[in-house]
Amino acid sequence: MTDIQALVSQMTLAEKAALCTGASAWTTTPVERLGVPELLVSDGPHGLRRQADVHALGAESLPATCFPTASCLASSWDVDLLRTLGVALAEEAIALNVDVVLGPGVNMKRSPLGGRNFEYFSEDPFLAGEMAVGLIDGIQSKGVGTSLKHFAANNQEFQRFSISAEVDERVLREIYLPAFEAAVTRSQPWTVMCSYNKLNGTFASEHYTLLTEILKKEWGFKGFIVSDWGAVRNRVAALKGGLDLEMPGPQDRRVSAVVAAVRAGELDEAVLDESVRRILSVVFKAQETPKGGTFDVDAHHDLARRIAGEGMVLLKNDGLLPLKGQQHIAVIGRSAEAAHFQGGGSSHINPTRVDVPFKELQARAGDAELTYAEGYPADNSFKQALIDQAVVVAQAADVAVLYIALPSFKESEGYDRTDLDLTDQQIALIKAVSKVQPKTVVVLNNGAPVAMSAWIDDVSAVLEAWMMGQAGAGALSDVLFGRINPSGKLAETFPLKLADTPAIGNWPGGAGSVRYGEGLYIGYRYYDLKEMPVLFPFGYGLSYTTFAYNNARVSTATFKDVDGLTVSVDVTNTGAVFGKEVVQVYVHDRVAGLDRPHKELKGFAKVALEPGETKTVSIKLNTRAFAFYHPEYKQWITEAGEFEILIGASAADIRQTVTATLEATRELPCVLDVESTLREWLADPRGRAVFGPFYAQIGAQASAMFGAAQASEPGLGMDMMDMLNDMPMFSALLFMQPMLDRPAEDIVADMLKQAHSR
Ligand code: BGC
């Protein structure tokens, strides 16, 4: 084991500063004199983008398996599968000499317009966190590092290098940070990548609260924080904030700025030493995994196919699927020939090979005749002739399968979408084909929700196949022909239209900032709040079989917050074919001290069932499942009371509800102050003890006083105590000063002192 501390003490100031900035686009700075090697990182997150030339940012990368992107991965709701994927990614990393994979990305899908949503898991922090844990555990189990990104609040591409995300503390804690928190506290990614944007006015790369206080101190992150590529504005300020490694390099001027700042006494050398220590720890940890060799290209291709099959979501099916017995299939859409399987930007992979949807369909279709029509062009032009040809082909067939891929000019890293629509040509194509061919299946390849109202009623079936990875075509055919029973469920809501979406009034911001005005209410939390219909809810997906939920129960009707509880339900496959069901557990707090979303996902399990088979699914809910972040206490708190535990097949399809009562055991700090209302005094146990007797007394006096006033002035009609209860104690007492024997200020000061000393 290398003695890191000893090494740090042997390094010169210049060497230490140099280590904290990359030597190339993808490597850290070695210190040959002391035997410190370089560390090589590569994108991430769903395949390796390993540049042969470490100084190249965007050259063609070495061949690697392109797995489905995060939208598809999360729709599998299968943590074990993500772990398996992680192992495969690590094997490729080892073969390609990569020490750290730059992923996964766990930012929330605040709006379906986010250009990078295809690279992110979900609109729900719990689901995103579980997915990240699976993937990180898988990769790191093989001795390869990860970089959890982009920390934090990188939820849009518009002005992503500079915009300030204005997010309330509670919203940050409950929505935008928990996926990071789960991944850090449970999986310890070797590195965390800060985002480009500012958070509440400060660049993430310089954000002391975010990087040092929350990530390093509160969550106990042990690795190093790396900047997103080009995210550092001021190198010295970033070090002070907690940013350990700046990428990409080389950046000689940054290095000299650090040296100068230490010499001038502006930067404490201990701060630099701490970053050096963190970087060296990871550099040497990576050394423990010998690199080189090859990876099993075929096995990984097969895995990519399996994963794609688990993540595809059957959105609509009037019974046409699975296809059976059709003799003549019209295959329409250029993505049937040129698969659309990944997104643009830093996650773009040079695949080892790519399966062709048309060929894969043919392989499953037996003797059936397949005829092809392009349907729409590669660019954004409108070509009626392509639609006319498609109509002819569709008309002559028994069934039409339309392969509709959202083109990259509509969806990519680097820019947000401006609408939820397919191209005009694609919409016209679907409408024209479905008019002549009632048996029409639409297969979608995209990374984020699209609007379908214009055409969905006209087609028989819709399969969301996502950016399905290089082997997705085979999985797609397997689903269409029933060799795979679809089991994916949406990890994000598909809204009916853009105007319905949560962030719509606050998107994408401007003049340097974007206000997260919808607060806690993103995704299904928002649609629950508004009781708003959606196209397809969070957690939704069809199967070729059906499932029944019975006998929901909790391990104990009353539980302590520290213990949590276990919820169980019996799930039966009531159909005729093998299938998998994603059982979802949401928690609803009946009464809360602060406004809370109607329900929140806190557990899930994917269960495989033969026809007629029943399995009991048990899910543990820990304290956090019932807690919320209280900005006054500056911590997650639980409140005693009744909770409903909703067990469902989607956010809109709750099958069973059980109730349990929580006993809060943790003592909270006393936060009463001069502005605390009577209600707050009574809610706090120390406040109640001190103030309770006095409250009874002033209550009687107030009633008498205001009762008299009310008799002569009936217009005042109101519940006096209700009004008083929401006044700060000081204000209430001021009104009653004539009846008090001491100044209101003194009484409040005394009570505060007593409450705080209890
Ligand atoms: C992206 C990161 C990526 C990095 C390196 C940045 O532009 O935001 O996700 O890891 O480039 O390619």
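Residues numbered from 1 in each chain as written. Predicted model: local features only at pLDDT ≥ 70, side-chain atom pairs only at ≥ 80, totals over all residues. Heavy atoms only, no water.

Trainee: Residues and numbers for the overall build of the protein chain, please.
Mentor: Within the protein chain one finds 22 helices and 25 strands. Taken over C-alpha atoms, the radius of gyration comes to 29 Å for the protein chain, in line with the 27 Å a tight globule of 758 residues would show. When the backbone C-alpha atoms are referred to their principal axes, the protein chain occupies close to 95 × 75 × 50 Å. The long-range share in the protein chain, meaning contacts at least 24 apart out of those at least 6 apart in sequence, stands at 76%. When the accessible surface of the protein chain is totalled, it reaches about 27,400 Å², and 51% of it is carbon and sulfur. Treating the 68 positive side-chain charges of the protein chain as one cloud and the 93 negative ones as another, the clouds have centres 2 Å apart. (Helix = DSSP H or I, 4+ residues; strand = E, 2+ residues; numbered from the N terminus. Rg over C-alpha atoms; globule rule 2.2 N^0.38 Å. Contact = heavy atoms within 4.5 Å. Areas by Shrake-Rupley, 256 points an atom, 1.4 Å probe, with all protein chains shown as cover. Lys, Arg positive; Asp, Glu negative; His and termini not counted. Charge placed at Lys NZ, Arg CZ, Asp CG, Glu CD.)

Trainee: Got a sec to walk through the sheet that holds strand 20 (residues 600–609)? Specific residues and values, please.
Mentor: Hydrogen bonds between backbone atoms are what pair the strands of a sheet, whose relative direction is either parallel or antiparallel. Pairing in this open sheet of 5 strands is mixed, and the strands run 17-25-24-19-20 from one edge to the other. At either margin of the open sheet sits one strand with a lone partner, and together these are strand 17 (558–560) and strand 20. Ignoring strand direction, the axes of neighbouring strands in this sheet form an average angle of 30°. (Pairing = 2+ DSSP bridges. Axes fitted to C-alpha atoms, helices over the stretch in contact; angles between N-to-C directions.)

Trainee: Explain the packing of aromatic side chains to me, and be specific about the residues and the numbers.
Mentor: As enumerated under the stated definition, the model contains 21 aromatic pairs in all. Seen in terms of ring centroids, F161 and Y196 are 3.9 Å apart; in terms of plane orientation they differ by 25°. Their pairing is stacked. You can see F161 sitting in the loop between strand 3 (145–151) and strand 4 (164–166) and its partner Y196 sitting in the loop between strand 5 (191–194) and strand 6 (198–199), a full 35 residues away along the chain. On the basis of relative accessibility, which here comes to 36%, the residue F161 falls in the partly exposed class. For Y196, a relative accessible area of 7% puts it in the buried group. Consider the rings of F494 and F536, whose centres lie 6.4 Å apart with planes at 65°: the pair is edge-to-face. Here the residue F494 occupies a position in the loop between helix 16 (472–480) and strand 15 (513–515), and F536 occupies one in the loop between helix 17 (524–530) and strand 16 (547–554), the gap between them amounting to 42 residues. (Phe/Tyr/Trp six-rings, centres within 6.5 Å; stacked < 30°, edge-to-face > 60°. Buried < 20%, exposed > 50% of the residue type's maximum accessible area, 1.4 Å probe, protein only.)

Trainee: Outline the side chain of Q326, supporting the account with residue identities and numerical values.
Mentor: With respect to the helices and strands, Q326 occurs in the loop between strand 9 (313–317) and strand 10 (328–332). For Q326, the side chain forms a polar contact with the main-chain nitrogen of K324, separated by 2.8 Å. If near-sequence neighbours (up to four positions away) are discounted, Q326 is found in contact with L320, A368, D398 and V399. (Polar contact = N/O pair within 3.5 Å; in protein donor to acceptor, adjacent residues only side chain to side chain.)

Trainee: Can you break down the site of the ligand residue by residue, with the values?
Mentor: Contacts to the ligand come from 14 residues, most closely from D43, R116, H150, Y196 and D228. Between the ligand and the protein, one listed contact pairs an oxygen atom with a side-chain N or O atom of Y196 at 2.8 Å. In the environment of the ligand, an oxygen atom lies 3.5 Å from a nitrogen or oxygen atom belonging to the side chain of E413. In isolation the ligand has 310 Å² of accessible area, and contact with the protein removes 94% of it. (Near = heavy atom within 4 Å.)

Trainee: Tell me what's going on with the nonpolar core, and back it up with residues and numbers.
Mentor: Ranked by internal contacts, the top residues of the largest apolar core, which has 159 residues, are F121, F151, L280, I329 and L480. Element by element, the count of residues in this core is highest for helix 4 (residues 79–95), at 9 residues. A domain-level breakdown of this core finds at least three residues from each of domain 1 (311–530) and domain 2 (547–663). Those residues in contact with F151, other than ones at most four positions away along the chain, are L177, F180, V192, M193, C194, S195, A204, L210, L211, L215 and W219. By size, the runner-up hydrophobic cluster in this structure holds 38 residues, among which are Y376, V442, W466 and F536. (Core = buried A, V, L, I, M, F, W, Y, C linked by side-chain atoms within 4.5 Å. Domains from an automatic or database assignment.)

Trainee: Residues and numbers for the domain arrangement of the protein chain, please.
Mentor: For the protein chain, the assigned domains read domain 1 (311–530), domain 2 (547–663) and domain 3 (678–757). Look at where the C-alpha atoms of domain 1 and domain 2 centre, and you get two points 32 Å apart. Between domain 1 and domain 2, the contact holds 8 residues from the first and 18 residues from the second. Where domain 1 abuts domain 2, roughly 1,000 Å² becomes buried across the two surfaces, and 47% of that area is made up of carbon and sulfur atoms. Considering only the surface of domain 1 that becomes buried against domain 2, S487, K489 and Y524 emerge as the three largest contributors, covering 47% of it. Across the domain 1-domain 2 interface, the total number found is 3 salt bridges. When the shortest N-O distance is used, the salt bridge between E581 and K489 registers 3.0 Å. Connecting domain 1 to domain 2 are 8 residue pairs in polar contact (both at pLDDT 80 or more). Considering only residue class, the side of domain 1 that touches domain 2 consists of 3 nonpolar, 2 polar and 3 charged. (Buried area = accessible area lost by both parts, 1.4 Å probe. Salt bridge = Lys/Arg side-chain N within 4 Å of Asp/Glu carboxyl O. Nonpolar A, V, L, I, M, F, W, Y, C, P; charged D, E, K, R; others polar.)

Trainee: Any chance you could break down the pairing of strand 25 (residues 653–663) for me, citing the residues and the numbers?
Mentor: As paired strands, strand 17 and strand 25 are joined by 3 bridges and run parallel to one another. Note that in strand 25 the partner of F559 across the bridge is L662. Direction of pairing for strand 24 (residues 641–650) relative to strand 25: antiparallel, over a ladder of 9 bridges. Residue pairing across strands places E642 opposite T661, the latter belonging to strand 25. Here strand 24 folds back onto strand 25, and the loop between the two strands holds 2 residues.

Trainee: Any chance you could break down helix 12 (residues 297–311) for me, citing the residues and the numbers?
Mentor: Taking 1.5 Å per residue as the helical rise, helix 12 with its 15 residues ought to reach 21 Å, and the 21 Å between its terminal C-alpha atoms agrees with that figure. Turning to helix 12, its buried residues are H300, H301, L303, A304, I307, A308, G309, E310 and G311. (Expected span 1.5 Å × (residues − 1).)

Trainee: Tell me what's going on with the sheet that holds strand 21 (residues 614–621), and back it up with residues and numbers.
Mentor: Strand order across the open sheet formed by 3 strands is 16-18-21, with antiparallel pairing between neighbours. Each edge of the sheet is formed by a strand with only one pairing partner; in this case those strands are strand 16 and strand 21. Neighbouring strand axes in the sheet, compared pairwise and without regard to direction, differ in orientation by 20° on average.

Trainee: Which residues make up a negative patch on the surface, and what values go with them?
Mentor: Taken together, the side chains of E632, D673, E675 and E680 make up a negatively charged region of the molecular surface. Tracing the chain through its elements places E675 in the loop between strand 25 and helix 18 (678–683). Under the relative-accessibility criterion, E675 is labelled exposed at 54%. (Patch = residues over 30% accessible without salt bridge, like charges linked within 9 Å, V, L, I, M, F, W, Y side chains within 5 Å.)

Trainee: Hey, could you go over unusual backbone geometry for me, with residue numbers and the actual values?
Mentor: In this model, D43 is joined to G44 through a cis peptide bond whose omega is 0°. Looking at where G44 falls in the secondary structure, it is placed in the loop between strand 1 (41–43) and helix 3 (70–75). Residue P104 is reached from G103 by a cis peptide bond, and omega for that bond is 5°. Note on placement: P104 falls in the loop between strand 2 (100–102) and helix 5 (125–140). Located in the positive-phi region is Q159, a residue other than glycine, with phi close to 50°. Take Q159: its relative accessible area is 33%, and that puts it in the partly exposed class. Unlike most non-glycine residues, A511 shows phi in positive territory, near 50°. Position of A511 relative to the elements: it lies in the loop between helix 16 and strand 15.

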